[in-house]
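Residue-level listing of the chains:
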Amino acid sequence: MQQLSLFDINDPIEDEREELLRLRNELREHNYRYYVLSAPTISDREFDEKMHRLEALEQRHPEWMDPESPTQKVGSDLAQKNPKVQKTGNFEQVAHRYPMLSLANTYSEEEIRAWLDRVYKGLDYTSSNTPIEIVCELKFDGLSISLWYEHGKLTKALTRGDGVKGDNVIDNIRTIPTIPQDISSKTDLRSVELRGEVLLPWENFERINKQRELAEEPLFANPRNAASGTLKSLDPELVRARGLSVYLYYVLGDNLPGNSHSERLDWARQLGFPISEAMRVCKSVDEVMDFIHFWDKERRNLPVATDGVVLKVNNLKQQEQLGFTAKTPRWAIAYKFEAEKQLTQLEEVSYQVGRTGAITPVANMTPVQLSGTMVHRATLNNEDFIRQLDLHEGDFVWVEKGGEIIPKITAVETSRRQENARPITFIRNCPECGTPLVRFEGEAAWYCPNDNCPPQMKGKMEHFVARKAMNIDGLGAETIDLFFELGLIRNIADIYQLRAEDIAPLQGFGERSAERIIQGIEASKQVPWARVLFAIGIRFVGETTAKKLARAFPNIDLLMAADEEQLIAVEDVGNEIARSIRRYFESADNLAIIERLRKAGLQLEGEEATMSVGNSLEGLSIVISGVFEHHSRDEYKALIEQHGGKNVSSVSAKTAFILAGGNMGPAKLEKAEKLGVKIMSETEFLQLIGEIQ
Ligand code: IVH
């Protein structure tokens, strides 16, 4: 029997205090992921729920109020606070003239009505002569921008930053063709500021993700993240190629024409600014609700992402009367749309075997249209997830797209379950090789422990040759599969025994491509230790962890000899990762492979050695532009640093030279010519650093 002790009796106030502190920390972390890393890990809905819960707790306990609480401050996107993101951090920070606030938001129509009541009360409506008008606009889902015009010229473009100061991303903003650069012929206003949302249209988002998939780069989860990642890039040419767009929704400044928000937007539209036509000046609650209902459906046909409707009091005097809280205007509120969801039927659960042997259950469903794409598969994560859903055969399920690209099953519609439906039970044997599955303590996944299980063998090799791993030219996933089927290779060490004579006679190859593959394999022997460690595919050891491990253990022998405690001492390595590393090196097969890789001449040591390879570029500022053949852009950046140089984004008189690939941007070329900056080809550069003779 369980024993109850005094300590089990919880103090409700203490619990609330703990919850409040936890929520503040969680929300800070999620703000950072959303605004700085452009890679959120929870949906907007989940974020808003946590924020609302924190607001409620703080309201109940004013004595716990803290001006630093996330409820009191807007999330910061400032690049500087983020040493992890190397591509950012070089923008000029500028103080906003007017603080850049956020909006109160709600998912409930009732709360919209309550807000309207507060507005009416706040303006003392009965005695007021000016009728109250509410402007409804779409809430565009991108990131906010503030454009400064001085004497008619666009001079600055600031991100929201922390609301007080922002990053000046003007060079990137100038790549957006619909933003006027000069309005001096249309107005003689000395100074005006326009605020709006930078967006990446769906079409461009999909194109970019296709390219990223081919290049084996991580996909953007949604257009907002893609837009925000893009706007913070230090390479305006890349920004131009991505194709950002913008809608403006707020005009600020002294002596502006018009007494209302809508008049000012009309004025800005006449000056040529991109102002959305999807707006309406409403005179009643019903008109507001009509607007919301109309756009909740119609937004699916828009070229850009929207996540709600913004309601603003139209009259500027009334806005002033209502004023602001610390974080939001009282004269505006956002109504957020529910994520689109659909009901569909489960047809079958299938199981995928990953390269590490982990089994992922997948729901195959009757195809259904969701946010513009056909959805017929969704991940079921693991056995526990299936249990939590209580999923049965033939169940009707709700699918949703949250913050991620992959659709999720969020619930089962039990009312439509067949009476005799059987619960889904997780398989006990590998679907590919029949081996009984195993589950390690503390882990959610089942594994196929058979190292000779074909999808694992192929998956490991595909991972090994990938661009971010050994980057073996000419050996893609398809070629690996083919060589495996033909029995030419069974594991990563076999790759180094491939000969041109084995490949050339195969259909679709020939001597030249065989030679290219062999050269690619040869070149991979120079790939540094940290990437080799990532490439060998130890479960949970991703790119970043591999780098940290490689720094802590300068060679593979030291890593192999490390016990769990020594491994955990490395930053970011927890129990799970440490155990996984130990397991990897306990396998005799893996050790045999490592020995063969060592004999083949791979770099199994020497992070320090590769950190600084030479000083041929000592003190030089170098701009990279165009597309390259021998290395990726990221690799060229690393090479520049390894040889003592500095990679900078824009051409100036201080630029030593431009490392130019194909398709170099015309603007850069022109600027380089004007300033007399040397243009260096890829080959010349590789000669300079001694990579080729
Ligand atoms: S007005 C002081 N109008 O939503 C009010 N914001 O959640 C300033 N947004 O930071 C904002 N569409 O980035 C306004 N039509 C619209 C909007 C909009 C999108 C964004 C904006 C803001 C965020 C607040």
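Provided above is the structure to which this section pertains.
Every value quoted in this text rests on a predicted model; they were computed, and no experiment measured them.

Trainee: Help me out: how do you make sense of a negative patch on the surface in this one?
Mentor: A surface patch of negative charge is lined by Asp-11, Glu-14, Asp-15 and Glu-18. Looking at the secondary structure, you find Glu-14 in helix H1 (residues 12–36).

Trainee: How do you make sense of the pattern of salt bridges when you look at a structure like this?
Mentor: Charged atoms that come close allow side chains of opposite charge to pair. In this structure the tally under the stated criterion is 40 salt bridges. Ionic pairing is found between Arg-422 and Glu-393, a salt bridge with its closest N-O pair at 3.5 Å. Linking Arg-422 in the loop between strand E16 (408–412) and strand E17 (438–439) with Glu-393 in the loop between helix H11 (383–389) and strand E15 (396–400), this pair joins segments that are 29 residues apart in sequence. Of the residues examined, Arg-422 reaches a relative accessible area of 54% and is grouped as exposed. The partly exposed category is assigned to Glu-393, whose relative accessible area is 38%. Residue Arg-417 is joined to Asp-395 by a salt bridge in which the shortest nitrogen-to-oxygen separation is 2.9 Å. One end of the pair, Arg-417, is in the loop between E16 and E17; the other, Asp-395, is in the loop between H11 and E15, and 22 residues separate them in sequence. The class for Arg-417 is partly exposed, based on a relative accessible area of 21%. What makes Asp-395 buried here is its relative accessible area of 0%. Within this structure, Glu-383, Asp-384, Arg-387, Arg-428 and Arg-439 form a network of salt bridges that share partners.

Trainee: I would appreciate a short explanation of the sheet that holds strand E21 (residues 657–660) in the present structure.
Mentor: Hydrogen bonds between backbone groups are what pair the strands of a sheet, and the pairing can be parallel or antiparallel. Strand order in the open sheet made by the four strands is E20-E19-E21-E22, with parallel pairing throughout. The outermost strands of the open sheet, each flanked by one partner alone, are strand E20 (646–648) and strand E22 (678–681). Sheet twist, expressed as the average angle between the axes of neighbouring strands with direction ignored, equals 35 degrees. Where strand E19 (residues 621–625) and E20 come together, three bridges link them in parallel fashion. Its bridge partner lying in E20, Ile-622 is registered against Asn-647.

Trainee: Before we go on, may I ask you to explain the site of the ligand in this structure?
Mentor: Lining the immediate surroundings of the ligand are 13 residues, of which Glu-137, Leu-138, Lys-139, Glu-197 and Tyr-249 lie closest. The side chain of Arg-160 places a nitrogen or oxygen atom 3.3 Å from an oxygen atom of the ligand. A distance of 3.0 Å separates a nitrogen atom of the ligand from a polar side-chain atom of Lys-312. A total of 530 Å² of accessible area belongs to the ligand in isolation, and the protein chains cover 90% of it. If you list the elements that add at least two residues to the shell around the ligand, you get strand E3 (134–140) and strand E10 (306–313). The biggest single contributor to the shell around the ligand is E3, with four residues. Considering only residue class, the shell around the ligand consists of seven nonpolar, one polar and five charged.

Trainee: In this structure, what is going on with the packing of aromatic side chains? I would like to understand it.
Mentor: For any pair of aromatic rings, the description rests on two quantities: the centre-to-centre distance and the angle between the ring planes. Counted under the stated rule, the structure contains 17 aromatic pairs. Centre to centre, the rings of Phe-440 and Tyr-447 are 5.1 Å apart; their planes meet at 50 degrees, and the pair counts as tilted. Residue classification places Tyr-447 among the buried positions, given a relative accessible area of 4%. Through a chain of ring-to-ring contacts, the aromatic side chains of Phe-628, Tyr-636, Phe-657 and Phe-685 assemble into a single cluster.

Quick notes on the rules
Residues numbered from 1 in each chain as written. Predicted model: local features only at pLDDT ≥ 70, side-chain atom pairs only at ≥ 80, totals over all residues. Heavy atoms only, no water. Patch = residues over 30% accessible without salt bridge, like charges linked within 9 Å, V, L, I, M, F, W, Y side chains within 5 Å. Areas by Shrake-Rupley, 256 points an atom, 1.4 Å probe, with all protein chains shown as cover. Salt bridge = Lys/Arg side-chain N within 4 Å of Asp/Glu carboxyl O. Lys, Arg positive; Asp, Glu negative; His and termini not counted. Charge placed at Lys NZ, Arg CZ, Asp CG, Glu CD. Helix = DSSP H or I, 4+ residues; strand = E, 2+ residues; numbered from the N terminus. Buried < 20%, exposed > 50% of the residue type's maximum accessible area, 1.4 Å probe, protein only. Pairing = 2+ DSSP bridges. Axes fitted to C-alpha atoms, helices over the stretch in contact; angles between N-to-C directions. Near = heavy atom within 4 Å. Polar contact = N/O pair within 3.5 Å; in protein donor to acceptor, adjacent residues only side chain to side chain. Nonpolar A, V, L, I, M, F, W, Y, C, P; charged D, E, K, R; others polar. Phe/Tyr/Trp six-rings, centres within 6.5 Å; stacked < 30°, edge-to-face > 60°.

Interpretation note: all reported values are geometric properties and have no functional meaning in isolation.
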